[in-house]
Amino acid sequence: MSENNVKVAARYVNLREIAPEGDDVLVVGGGGREHAIVKKLRESKSVGTIFGAPGNAGMDVVETGIGATEIDKIVSYVADNPNIKLTVVAPDDPLSMGLVDALEARGFRAFGPHKAAAKLEWSKAYAKDVMRRYGIPTAAYGTFTDIDAAKEYVKSGEFPVVVKADGLALGKGVIICSSLKEAEAAIDEIMKDKKFGSAGNEVVIEQFLTGYEVSLLAFVDGEHYKLMPTSCDHKRALDGDKGLNTGGMGAYSPCPVFTKTLLEKTVKTVVEPTVAAMIKEGAPFKGVLYFGLMVSGDEVRVLEYNARFGDPETQSVLPLLKSDLYEIFNAVIDGTLDKTDIEWSDKKSINVVLASGGYPLSYKKGCKISGLASVDNDVNVFFAGVKQGENGFVTSGGRVLCVQAMADDFACARRKVYENIQKITFEDCFYRKDIGAKL
Ligand code: AMP
Ligand code: GLY
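Residues numbered from 1 in each chain as written. Chains lettered and ligands numbered in written order. Predicted model: local features only at pLDDT ≥ 70, side-chain atom pairs only at ≥ 80, totals over all residues. Heavy atoms only, no water.

Draft legend 1. Quick look at the overall build of the protein. Summing up its helical and strand segments, the protein has 13 helices and 23 strands in all. Taken over the C-alpha trace, the protein has a radius of gyration of 21 Å; the compact-globule value for 439 residues is 22 Å, and the two agree within 12%. If you line up the protein on its principal axes, its C-alpha atoms span 65 × 45 × 45 Å. The buried share of the protein, taken over its 439 residues, is 56%. By sequence separation, contacts in the protein at least 24 residues apart represent 69% of the contacts at least 6 residues apart. (Helix = DSSP H or I, 4+ residues; strand = E, 2+ residues; numbered from the N terminus. Rg over C-alpha atoms; globule rule 2.2 N^0.38 Å. Buried < 20%, exposed > 50% of the residue type's maximum accessible area, 1.4 Å probe, protein only. Contact = heavy atoms within 4.5 Å.)

Draft legend 2. Molecular detail of the pairing of strand β15 (residues 250-253). Burial along β15 is two-sided: G250 and Y252 and A251 and S253, pointing in opposite directions, are all buried. The sheet contact formed by strand β12 (residues 232-233) and β15 spans two bridges and is antiparallel. Paired with C232 across the two strands is Y252, which belongs to β15. Bridge analysis of β15 against strand β18 (residues 348-356) gives four bridges, and the strand direction is antiparallel. Residue pairing across strands places G250 opposite V352, the latter belonging to β18. (Pairing = 2+ DSSP bridges.)

Draft legend 3. Local environment of empty space enclosed by the protein. Throughout the structure, instances matching the rule amount to six cavities of 30 Å³ or more. Roughly 80 Å³ of volume is contained in the largest cavity. Along the wall of the largest cavity there are 13 residues; nearest its centre are K124, A127, L303, E304 and Y305. Taken together, the elements giving at least two residues each to the lining of the largest cavity come down to α6 (115-122), α7 (124-133), β9 (203-207) and β17 (299-306). A total of four residues in the lining of the largest cavity trace back to one element, the largest contributor, which is α7. (1 Å grid on protein atoms, 1.4 Å probe; cavity = no way out; pocket = protein on both sides within 12 Å on 5 of 7 lines; lining within 4 Å. Points joined across faces, edges and corners; volume = space filled by probe spheres on them.)

Draft legend 4. Structural context of the site of ligand 1. Taken together, 13 residues lie around ligand 1, and K164, E206, L209, E213 and E304 are the ones closest in. Measuring from an oxygen atom of ligand 1, one finds a side-chain N or O atom of K124 at 3.1 Å. The contact in question runs from a nitrogen atom of ligand 1 to an N or O atom on the backbone of L209, over 2.8 Å. Contact with the protein chains covers 90% of the free accessible surface of ligand 1, which is 470 Å². Looking at the shell around ligand 1, the elements that each hand over two or more residues are β7 (161-165), β9 and β17. Of the residues assigned to the shell around ligand 1, the class counts are six nonpolar, one polar and six charged. (Near = heavy atom within 4 Å. Polar contact = N/O pair within 3.5 Å; in protein donor to acceptor, adjacent residues only side chain to side chain. Areas by Shrake-Rupley, 256 points an atom, 1.4 Å probe, with all protein chains shown as cover. Nonpolar A, V, L, I, M, F, W, Y, C, P; charged D, E, K, R; others polar.)

Below, the structure written as structure tokens:
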């Protein structure tokens, strides 16, 4: 390794030998969100070695070589490593496949909702029906398993209308249609051409809502909840919310336009009714519940639920956490969140994603990443699409790095992020220049 790479590796990779005594933890997933979780867990005195399934080259973990959806292998790995006291399941796919259920069935502790509760995310039709049954505000909708019935429904509605594949589709299964023709084409794409596979066996067709979007995440232990600071994602690839939808190009936290009054209203009309609904459904929610909200004036409606930490919201939110994340995860599992104090910094946090040119479509991989060693110490660089090449880190995905900083005000946090981004280079790197620009 060159001197520069040794320095970078020392900063980003804590090898197993230097891990402190404590419980080992396995984190499932391998992106920027998981890196932020790992970094926070690393601050806990109770945590020893952290393993990743799969993890990535820049995280503070032992890479197991096991993919996030290899359920049987993950369960076997935990069985073979008895010092792993907790498995944290971060991504949607393994949650929808019942990884938490599979681990618990073998007597292992796991953080994340059971498959039945994660259904709030993996079936949009189920989520909408829960909202309807329990009076939780959301856009008017219909659900359809029959193509002709779906097409008949859009004929009688107003435009734009939103056509959504029921299942998980990497955030791409939502199509906003401005005419009947577009809506019919979207229905065909999802239900007939199966663009998103079996996720399109059913569609949700929904009224188009206007306003601004806020992400509200909460730790939920089945019965009790603790809110995290609000955050705001930026899904489009280009400045000014132009370009294609992506997995997220940056975020900030908290979201200043979302006032305390709006938050109190949301707790009463959305958060508490959802937690109570899942108990009534016989599927108490334990894990991180993500409320994707659309706000218009003083009206707050749910666009979607996610059954996990958001990406890239987590990379802004978790650095604000002052309490011990490992203790919080355990309190969620034990149902003792009500007795757990969770403290947050009141600093302002911003993150910006550095992506490979061409993302979210096709892009180059294997490009050398330079400059990481010169990033300021109070700035986080979370790794996503990165792997270890022969001569240092190289790109391996569309979203490569996420640069995050916090400060007493957004202007200062923003300046730190963008100044440090200038120090990092890889071929065809692009990023949004307007994250937090209007704050
Ligand atoms: P979802 O995965 O359901 O959150 O949808 C992804 C994105 O599509 C949301 O973050 C919104 O930007 C947009 N979207 C979804 N549903 C609606 C709706 N009913 N009205 C307006 N925009 C929507
Ligand atoms: N940031 C949106 C998501 O995690 O689904």
